[in-house]
Amino acid sequence: MSAKDKIARHKRAVAIANTPFVRFPRSRDRFKIFRINPSGINRIVKDDLTSLFEGDRRGTFDASELLKTIGFHPKIELEIKLNPYHDGFLDGLDANLYEIEAISSALDILRSLDGESRFDVSSNSDSFSRSLQERNGIVFKYIKLLKATGIVSNYGLVFHHLDRGAQFFEELSSGEQTLISTHLFIKANAKKVQTLFIDEPENSLHPEWQRRYVDMLHMALSYSEVKIILATHSPVLVSGALSNYGQEVEVIKVDGNRESIVDIHHDSGPDSVEEILWEAFDTITPVSHFLSIELSSILQDLTDGKLSRETARSQIQSFKEKSYDNKQQKLLNTVLEQLSRFDQDA
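Residues numbered from 1 in each chain as written. Predicted model: local features only at pLDDT ≥ 70, side-chain atom pairs only at ≥ 80, totals over all residues. Heavy atoms only, no water.

S.K.: Kindly report on the nonpolar core, identifying the contributing residues and their values.
M.R.: Counting 58 residues, the largest nonpolar core has I80, F159, I180 and L196 as its most contacted members. Setting aside its immediate chain neighbours within four residues, L196 contacts V14, I16, I186, L217, L221, V226, K227, I228 and I229. Formed by 13 residues, the second largest nonpolar core is a distinct cluster that contains F290, I298, L332 and L339. (Core = buried A, V, L, I, M, F, W, Y, C linked by side-chain atoms within 4.5 Å. Buried < 20%, exposed > 50% of the residue type's maximum accessible area, 1.4 Å probe, protein only. Contact = heavy atoms within 4.5 Å.)

S.K.: Could you give an account of the packing of helix α7 (residues 174-189) against helix α9 (residues 213-220), naming the residues involved and the relevant values?
M.R.: Across the interface, α7 lies against α9 with an axial gap of 8 Å and an inter-helix angle of 40 degrees. On the basis of the axis angle, α7 is oblique to α9. Crossing angle aside, the handedness with which α7 passes α9 is right-handed. Each of L179, T182, H183, I186 and K187 in α7 lies in contact with α9, whose residues at this interface are Y213, M216, L217, M219 and A220. (Axes fitted to C-alpha atoms, helices over the stretch in contact; angles between N-to-C directions. Helix = DSSP H or I, 4+ residues; strand = E, 2+ residues; numbered from the N terminus. Parallel < 35°, antiparallel > 145°, perpendicular 65-115°, else oblique. Left-handed = near helix turned anticlockwise from the far one by under 90°.)

S.K.: Break down a nonpolar patch on the surface for me, with residues and values.
M.R.: Together, I252, V254 and I261 line one region of the surface with nonpolar side chains, adding up to about 290 Å² of accessible area. With respect to the element layout, V254 can be found in strand β9 (residues 252-255). (Patch = residues over 30% accessible without salt bridge, like charges linked within 9 Å, V, L, I, M, F, W, Y side chains within 5 Å. Areas by Shrake-Rupley, 256 points an atom, 1.4 Å probe, with all protein chains shown as cover. Salt bridge = Lys/Arg side-chain N within 4 Å of Asp/Glu carboxyl O.)

S.K.: Can you break down the pattern of salt bridges residue by residue, with the values?
M.R.: Considering all chains together, one arrives at 6 salt bridges under this definition. When the shortest N-O distance is used, the salt bridge between R211 and E208 registers 2.6 Å. Highlighted residues: R211 and E208, both in helix α8 (residues 207-211), separated by 3 residues, approximately one helical turn. On the basis of relative accessible area, R211 is assigned to the partly exposed category, the value being 35%. The partly exposed category is assigned to E208, whose relative accessible area is 33%.

Rendered as structure tokens:
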């Protein structure tokens, strides 16, 4: 079943595409699509801040749990730079009197600081009173309009890495940008989503972040009950999901239009990425502890009469066809030769 067909079956779905070849339909009222590319990331993080604040219903948004996980301080700041403007410039702004006063207050602060300052917008901040948080929310609400009218010359989010210090969002690595923008997009839509589709989430991500990827999704979803469907080629991601969520995870192997449930040993974790590489992706690593265990198990079952010689030969031949390592090929050929001799002696 195609991605479009799967989404059509879910009334409230959100999808995230991490590849240039998007297999999801276009965004509609019933579901939203986030395409992770420069323009999509920019829209989420910089040009669409209003939706993020509406999603949280407050003047700050919380990404502290995610930021700590990927090596950042929980502090987030909004840097605003002003153009020179006269006092009556806000008169034409389509806002109520309270909002005009709040914006004017924020702009007065900026003008007193030579037209440039940073506002702490992280929810863990203790320095802002409730009224200041409300003011920040109003500034966010009209930030695009303030820039369009020429009052604001530029604005951007500033993050604080534990080692690298303060950096604008645009200066972060592609993996960091992907995780943060994905987190903010999900939070902005979390209350209206029942199913979350993500295509190839492992792109640009460090293996440790792949292992914890499903954990990070739950952080954005506030651990609510949402069905998550991931299309991935990453055994590390699959291993992390199985290790942390066990029986809640179902691994489905897709070959063309055929789908089959993969029998992974949930009770063992599994910590074995090698097992997942073979069971879900038909791949054997050059130095494979899993292969050694499987060969021992096949030979033991053959000796105990639990497995026929033909079945044993077929299973070993399957390993041989998928192996690309010369030493493994020699090992598997030797085992197959021993099976042939066993047949002759029988």
